[in-house]
Each structure stands twice: as structure tokens, then as C-alpha cells.
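# Overview (structure and organization)
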Amino acid sequence: MDKADRKSSARAPIKLGELNYTPVLIALAVVLLTIVVLFLWKRKKTVRSAVLFTGLCDSGKTYLFAHLCLGGARETFTSIKENVGSFKTERGRVLKMVDVPGNERLRGKFFDEYKNIAKAIVYMIDSVTVQKDIRDVADFLYTILVDKATSKVPVVVLCNKQDETLAKTETAIKSMLEKEINIVRQTRRSQLQSVDNSSSSDTFLGKSASVDFEFEQLGQRVRFVPCSAMEEQFSGLTKFLDTL
């Protein structure tokens, strides 16, 4: 009889009011707090807040960067590291400006470092030497446009040195780049196929290989703007910056 009573007592139901929910609630609070912290950290990390000045060496980007950020022209040299400054738009908004070195060995490294915070990209071109350097100019621009991190970021192709007699117009430069990018994308595609015998949309720009490339095919807006940093004629750029 005592045995049966003990069995019955052991099976007695536990009342909900007698349970201690404190450990469960603490665990849930910790999980929720962790999720919130991770979300805020990731959001802060990927905030797009910078305008990147890119382009080949001697295109004039560091000269223009100094003009915008330091309030006047400065003697410049080939950059071996990034220059960081700020520019206040006419609307009073302060933008972070990053001048990426144009040296062939450095530009990829610094572009990768800042591309995830790029709010806009300024691609500077020397309008006098562009025909001679067209392959390098097109190749670097292709790298920027095809990168997933910057494929939706607005781009201004700033055609500098328009005050010089031998300078190509922004319309001519656009046409030259479209033709050269046709060649660059085919070269990149062939290189990829030789490695894994497949093609990847990550390394291809435009509609298809059978259709000649045009900037209008892109999902992002690419503007071609004339400029003369030396003559302080860059209102097209400042108007664009004012829209950011």
C-alpha cells in the first residue's frame, strides 16, 4: 500500500505556477540582445558614406581632391596611400572623400578596402592622354563596374583637362571606352574559361557577348562629365555631389 502511495505521489502533476521561468527568460533575453547587437554592428559596418576618387596616375584626381577638401590647389605627387578628407556641399551636407592611389600595384588593394562603404565613385580620366592609355583606363573602370560591391553605386566619369587643345570630349571618350570594354570583357571571359571551362556573369558587363557594350545597358547610372581641375571648372561634379 505504501508502495502504491509513493508511486502515485511521484506521478503527481507539477503546477505551472510552481515552475521557475527565470532561466528561460534570461536565455531568451541574451539571444535577442545578441541578435540586435549583431544586426546593428553589421549595419554600421556596411553604411555607405564615402565618395571614392579613382583613376590612373596623373589623371588629376589628387589635385582636384585637394581643391575640394582643402579649399585650394596644392602641389601633388603620385600617391602611395589613400588621402581622406571631407567636402561640404551647397546644401550643407558633409561628405567623406577618399582619394584612391592610381598606381597599378596599389589601386586594387585600396579600392577593395573602401568599396563596401562607397556611396558614389568619381572616375577621373586625363582627356589628353586617354587614347594612348585607353586599355588601362577601360580595364580599371571595368573592374569597378563589374564588382558586386559597387555595381549599384552611381559613377561619374570625370573627363579632366578639357581646357587643353588636344583633349578628347566626354562624348568621344564615352565612345572609345565602350569599344575598348568590348575587348576587355572578351579577354576576361576567355581567361576565366581557360581556368574552369565556364563563364561567369560576375566577370561580364552588358547584355551578352553578341551585343556591343553600351553604358546604357548597366543597372547603375554612369555619367560622363567634362572638367578642368586646373581652371577650377568642375561644377558638373559639385552639382552631382549635392544630390547625394
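Everything that follows concerns the structure shown earlier in this document.
Attention here is on the structure that accompanies the text. (Residues numbered from 1 in each chain as written. Predicted model: local features only at pLDDT ≥ 70, side-chain atom pairs only at ≥ 80, totals over all residues. Heavy atoms only, no water.)

## Here's the deal with the sheet that holds strand β5 (residues 155-160)
Across the sheet, which stays open at both edges, the 6 strands sit in the order β2-β3-β1-β4-β5-β6 with mixed pairing between neighbours. Strands with a single pairing partner mark the edges of an open sheet, and in this sheet they are β2 (83-88) and β6 (222-226). This sheet shows a mean twist of 25 degrees between the axes of neighbouring strands, independent of strand direction. Examined bridge by bridge, strand β1 (residues 50-55) and strand β3 (residues 94-99) share 4 bridges and lie parallel to one another. The residue of β3 that forms the bridge with Phe53 is Asp99. Along the sheet face, helix α7 (residues 235-242) touches β1, β2, β3, β4 (118-126), β5 and β6 and points at about 145 degrees away from the line of β6. (Pairing = 2+ DSSP bridges. Helix = DSSP H or I, 4+ residues; strand = E, 2+ residues; numbered from the N terminus. Axes fitted to C-alpha atoms, helices over the stretch in contact; angles between N-to-C directions. Contact = heavy atoms within 4.5 Å.)

## With respect to the packing of aromatic side chains
Overall, the coordinates contain 4 aromatic pairs when judged by the stated rule. Residues Phe213 and Phe215 carry aromatic rings whose centres are separated by 5.1 Å and whose planes lie at 75 degrees to one another, so their mutual orientation is edge-to-face. Grouping residues by exposure puts Phe213 and Phe215 together as buried. Ring centres of Phe215 and Phe224 lie 5.0 Å apart, and the angle between their planes is 65 degrees; this geometry places the pair in the edge-to-face category. Phe224 carries the same exposure label as Phe215, and that label is buried. (Phe/Tyr/Trp six-rings, centres within 6.5 Å; stacked < 30°, edge-to-face > 60°. Buried < 20%, exposed > 50% of the residue type's maximum accessible area, 1.4 Å probe, protein only.)

## Notes on helix α5 (residues 134-146)
Over its 13 residues, α5 runs 18 Å from end to end, which matches the ideal 18 Å to within 8%, given 1.5 Å per residue. Those residues of α5 that sit buried are Ile134, Val137, Ala138, Phe140, Leu141, Tyr142, Ile144, Leu145 and Val146. (Expected span 1.5 Å × (residues − 1).)

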